[in-house]
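Structure assessment
Chain by chain, the residues:
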Amino acid sequence: MLLLYLGGAPTLVVNSAKIAKEIMKTHDIAFANRVQTRAADALMYGCTSLGFAPHGEYWIQMRRICVLELLSIKRVQSFHFVREEEVATMIEKIRNNTSLDGGANSVNLGDMLVNTMTSIISRCILGKKYEGEENKKRFGQFARNGMELLIETPNTNSYSNILDTTTPQDMFIGGTDTTSTAIEWAMTELIKNPTKLKKAQEEVRRVEGEKSKVNEDDIDQMVYLNWVVKEALSLRAPIPYLFRQESIGNESTKLGGYDIPPGARVFINAWAIHRDPKIWDNPEDFVPERFANNLIDFTGQDFNFNPFGAGRRGCPGFSFGVLIVEYVLANLLYWFDWKYPSGPGREEDFDMSEVTSLVVDKKIPLQLVPVLHSPSFIT
Ligand code: HEM
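Residues numbered from 1 in each chain as written. Predicted model: local features only at pLDDT ≥ 70, side-chain atom pairs only at ≥ 80, totals over all residues.

Observations concerning the pairing of strand β4 (residues 241-245)
- Summarising burial for β4: four of the five residues are buried, a large majority.
- When β4 meets strand β7 (residues 265-269), the two strands line up antiparallel, connected through five bridges. Residue pairing in the sheet places Y241 in a bridge with N269 of β7. (Buried ≥ 20, exposed ≤ 12 C-beta atoms within 10 Å, placed from the backbone. Helix = DSSP H or I, 4+ residues; strand = E, 2+ residues; numbered from the N terminus. Pairing = 2+ DSSP bridges.)

A few points about the sheet that holds strand β3 (residues 107-108)
- An order of β3-β9-β8 is seen for the three strands of this open sheet, with the pairing classed as antiparallel. This sheet does not close on itself; its edge strands, each paired only once, are β3 and β8 (336-339).
- Two elements, β8 and strand β9 (residues 367-372), share four bridges in a ladder whose sense is antiparallel. Pairing of D337 across the sheet is with V371, part of β9.

Topic: the confidence of the model for the chain
- Overall, the predicted model of the chain reaches an average pLDDT of 86, with 84% of residues at or above 70.
- Ranking the helices and strands of the chain by mean pLDDT puts helix α11 (residues 223-235) first, with 98, and helix α8 (residues 160-165) last, with 36.
- Between residues 153-168, whose pLDDT stays under 50, and residues either more than four places distant or in other chains, the model counts 18 contacts.
- The ipTM for the predicted assembly is 0.99, set against a pTM of 0.90. (pLDDT = per-residue confidence, 0-100. Contact = placed C-beta atoms within 7 Å.)

Topic: the site of the ligand
- Around the ligand, a shell composed of 28 residues is seen, among which G175, G309, C315, G317 and G321 lie nearest.
- Secondary structure elements with two or more residues in the shell around the ligand: α6 (109-126), α9 (170-192) and α13 (318-335).
- Counting residues per element, the shell around the ligand draws most heavily on α9, which supplies seven residues. (Near = placed C-beta within 6 Å.)

With respect to the UniProt feature "binding site: heme" (unreviewed entry) in the chain
- Mapped onto this numbering, the UniProt entry annotates "binding site: heme" (unreviewed entry) at C315.
- Note on C315: 21 C-beta atoms within 10 Å, which makes it buried. (UniProt positions renumbered as here; feature names shortened; annotations may be inferred.)

Points about the pairing of strand β2 (residues 9-14)
- Summarising the sheet, strand β1 (residues 2-6) and β2 pair through five bridges and their orientation is antiparallel. Bridge pairing in β2 places L4 opposite T11.
- In sequence, β1 turns back onto β2 through a hairpin of two residues, with G7 there showing a positive phi of about 65°.
- In this structure, β2 lies alongside β7, joined through four bridges in parallel fashion. Paired with L12 across the two strands is V266, which belongs to β7.

Brief notes about α11
- Its 13 residues place the ends of α11 19 Å apart at the C-alpha level, agreeing with the 18 Å of an ideal helix rising 1.5 Å per residue.
- The element α11 is largely enclosed, with a buried count of ten among its 13 residues.
- Residues of α11 that are buried make contact with α9, α10 (194-208), α12 (270-274) and α13. (Expected span 1.5 Å × (residues − 1).)

A short note on α13
- Between its first and last C-alpha atoms α13 spans 26 Å; for 18 residues at 1.5 Å apiece the expected length is 26 Å, and the two agree.
- Counting buried positions over the 18 residues of α13 gives 14, a clear majority of the element.

Quick notes on unusual backbone geometry
- Despite not being glycine, N282 shows a phi value in the positive range, around 40°.
- On the secondary structure map, N282 appears in the loop between α12 and α13.
- N282 gets classed as exposed once you count the C-beta atoms within 10 Å, which come to 9.

Re the packing of α10 against α11
- Packing of α10 against α11 brings their axes to within 8 Å, and their N-to-C directions diverge by 140°. Overall, the two elements α10 and α11 adopt an arrangement that is oblique. Crossing handedness for the pair α10 and α11: left-handed. Residues K196, K199, A200, E203 and V204 of α10 form the contact with α11, whose participating residues are Y224, L225 and V228.
- Among the residues forming the contact of α10 with α11, the class breakdown is five nonpolar, no polar and three charged. (Axes fitted to C-alpha atoms, helices over the stretch in contact; angles between N-to-C directions. Parallel < 35°, antiparallel > 145°, perpendicular 65-115°, else oblique. Left-handed = near helix turned anticlockwise from the far one by under 90°. Nonpolar A, V, L, I, M, F, W, Y, C, P; charged D, E, K, R; others polar.)

As structure tokens, then:
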């Protein structure tokens, strides 16, 4: 734990799971505010959005409505036809790039995922589909730009473009970039680790047999795939820093035995916690099997694993997010084998550079060649 003064603002950087637990569980209410930057103020209409509103009655009501109307397990399940249709469209587009003799063009999986997530999230959250590649691209780009701007030093003019062209709504931003990035990183790690890729693929194909489509209800049986998703969200957490702010009052809060000044900004460094060698063996390696013998899930009860945060400010869309990520991955693994455009070993294929943003995207979009798995899979 490190207390810095950035300008006059006390800023706490937390690298420890124990202190993260104190913040998100023991003192959850005291740290239930978001850091209110001018960027968030400009992009989120005076921080009136769910993700940036200060903790209080307004935020409680808004969160209740979002959870009940959009993100409850029942609601998420009711959108299954949207996921099925949009993922089928994506698979069809990829399939059009393949031929049975293995000849194929490479596909920009990064862009395809952003487009697919844009369609799914906009249909579920906004109730409307944005037709046409240009519109989808514009919306996907909007989500990514929004994430980049949210962590920038403010210059209000730079937001005018984004605000002029469309209306921010953080449910859309929150759902689009996080899910597409999570899938892209998971695929990247699998391609880099062919034995893990094979294991995941064998499982999906065994569970599905020779069905004409991947059935969402079968995902529960894909245990290894679930570990893959956990490992990808741990090693490549789309939101690696959780931003909180302590309530501004007279009282300081004690963390780890230290007095934290009122109003301190808090950055919980999930990236560091997920790579802490005191918690995880070989933390830099992609090892889905590490989730085999523990009960860690996505609900934010284990503070060693924070991809969705925890407590009252934890991600309300986690079950929606996990379902989309698992379902899209299962489809990509079921229908195709994947290879690099010019065989293994090109330096840029292994480029793991990240974009500095609230959501850490892959800098060079994942470009792969799909090979249709088997003629018997053609419907
Ligand atoms: C893989 C997918 C996703 C990841 C990794 C993710 C991650 C996160 C994280 C780390 C937070 C901050 C939590 C905290 O401060 O404790 C968050 C907040 C949030 N997420 Fe997600 N998220 C994902 C998907 C979604 C989806 C699908 C939606 C909605 C459709 C969504 C909506 C939100 C909202 C509205 C907040 C702000 C909640 C608040 O401040 O009360 N997220 N997410």
